[in-house]
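# Coordinate analysis (summary)
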Amino acid sequence: MANEKITHIVDGALEKINGATTVDELVEIKNTYLGKKSELSSMTSLIGTLPNEEKKAFGAAIHEAKEKITNEVENKLAIFKEKELNEKLQKESIDISLPGRDYHVGSRNPFHVIIDEVTDIFIGMGFEVANGPEVEKDLYNFELLNLPKNHPARDMQDTFYIDENTLLRTHTSPVQARTMEAKKGAPIRIICPGKTYRRDDDDATHSHQFAQVEGLVIDKGINIGHLKATLELFAKKMFGEKREIRLRSSFFPFTEPSVEVDITCANCGGKGCNICKGTGYIEILGAGMVHPNVLKMNGYDPDVYSGFAFGVGIERVAMLRYGIDDVRKFYQNDVRFIHQFSKK
Ligand code: PHE
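I will try to describe carefully the structure that is included in this document. Per chain, residue numbering runs from 1 following the sequence as it is written. Under the rules for a predicted model, residues below a pLDDT of 70 receive no local features and side-chain atom pairs below 80 are neither given nor counted, while totals for whole chains, interfaces and linings still include all residues. Heavy atoms throughout the structure, all of them, feed into the side-chain values; hydrogens and water do not.

## Structural notes on the site of the ligand
Rules: Nearness here has a simple test: a residue counts as near a molecule or strand if at least one of its heavy atoms is within 4 Å of that partner. Contacts described as polar in this section are N or O atom pairs within 3.5 Å, which, within protein, must combine one atom able to donate a hydrogen with one able to accept it, while residues neighboring in sequence count only if both atoms come from side chains. All accessibility values rest on the Shrake-Rupley procedure with a 1.4 Å probe; residue burial counts only the protein chains present in the view. Labels follow the DSSP assignment, with helices taken as runs of H or I lasting at least four residues and strands as runs of E lasting at least two, numbered in each case from the N terminus.
As a structural note, the neighbourhood of the ligand is formed by 15 residues, with His171, Ser173, Arg198, Gln212 and Gly311 the closest of them. Interatomic distance of 2.9 Å between a side-chain N/O atom of His171 and a nitrogen atom of the ligand. Contact between the ligand and Arg198: an oxygen atom at 3.0 Å from a side-chain N or O atom of the residue. Relative to its free-state accessible area of 320 Å², the ligand is covered by the protein chains to the extent of 92%. Secondary-structure elements contributing two or more residues to the shell around the ligand are β6 (209-219), β9 (281-290) and β10 (306-313). Sort the elements by how many residues they give to the shell around the ligand and β10 lands first, with 3 residues.

Now the structure itself:
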């Protein structure tokens, strides 16, 4: 009778264990059938009421029943755990054949790359690097460069004035006057790379902010041959050994004579094409022999000293070097543009 009841309980438990679908259900089943308040546990207390010869068998039957249920629960739990582990592994599996994530290393604006290259070329020729402020005095930007107030040639450079005597420098040439003032002697051999500003409407070839590299050489006996040789070497180093330069007569108030320097067109080698507009040459910079008035105003005797100066447009050089057709690209900081110039 008692054994039948035990078998019945075990059968019920096994059926439930079989049907369990979650760990929680199994735990509940375990508590119901094996806990202190379970039927099997309460049956244990009946042992005392049984005749001695039955006690042992009854006790053993209950123990066996409990063991059976425990084993079944454990087995099922193990199955659940394995299933859970497999699912987790599946979810977290790593496909080692996937390509790695690309690392984006920042790259330098081609504008800075060119400034460094130009600077290196001139340092190689014995120049030093000088600097001057971008917010400049009218005195250095114009007056000490032979451009007194109301001089018509001031119109060549549309200026952002801050007040009557202060402006955003329109070129790097004020560094010429500043260097002469600071050095008060010769020789001078400096370049000055830096930002410059003019009141231009921005378009593909104009930008209200741009950059130049100024050059100034002053010593006894400097002549236009030195100017030409220096700029020729620069042009060849910057644009290639095959490039030739030519000097074309021009006008700047602070140089006399003044020249515009052209290089042979890289595209057609000087024959004439649509890039050089049929001329075979492309203009790259303005230059000239330092005007005697400029020497005098800045404390150098023009009968003793002479010099040459030049101003290179950085964007222009970069555009020619890299075939860039819009000056605004240097300032928009579009990484798709800038990344093209990164050295991988
Ligand atoms: N400062 C001139 C310009 O910006 C360039 C230049 C510099 C010309 C030095 C002659 C000598 O146009």
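There's plenty left to go through after this.
## Remarks on the pattern of salt bridges
This is how it is decided: Salt-bridge detection follows one rule: a side-chain nitrogen of Lys or Arg within 4 Å of a carboxyl oxygen of Asp or Glu. Burial classes: relative accessible area under 20% of the type maximum marks a residue as buried, over 50% as exposed, and values in between as partly exposed (1.4 Å probe, protein chains only).
With the rule as written, the count across this model stands at 13 salt bridges. Salt-bridge contacts for Glu39 lead to Lys5; the nearest nitrogen and oxygen are separated by 3.8 Å. Here Glu39 is found in helix α3 (residues 39-44), whereas its partner Lys5 is found in helix α1 (residues 2-19), with 34 residues between them in sequence. Its relative accessible area of 40% is what places Lys5 among the partly exposed residues. Residues Arg248 and Glu283 are paired through a salt bridge, measuring 3.8 Å at the closest nitrogen-oxygen approach. Of the two residues, Arg248 sits in strand β7 (residues 245-252) while Glu283 sits in strand β9, which places them 35 residues apart along the sequence. Given a relative accessible area of 31%, Arg248 falls into the partly exposed group. A relative accessible area of 34% means that Glu283 is categorised as partly exposed. Among the charged side chains, a salt-bridge network with shared partners connects Arg246, Arg248, Asp262 and Glu283.

## Concerning the environment of Glu4
As for its position among the elements, Glu4 is in helix α1. Residue class for Glu4 comes out exposed when judged on its relative accessible area of 60%.

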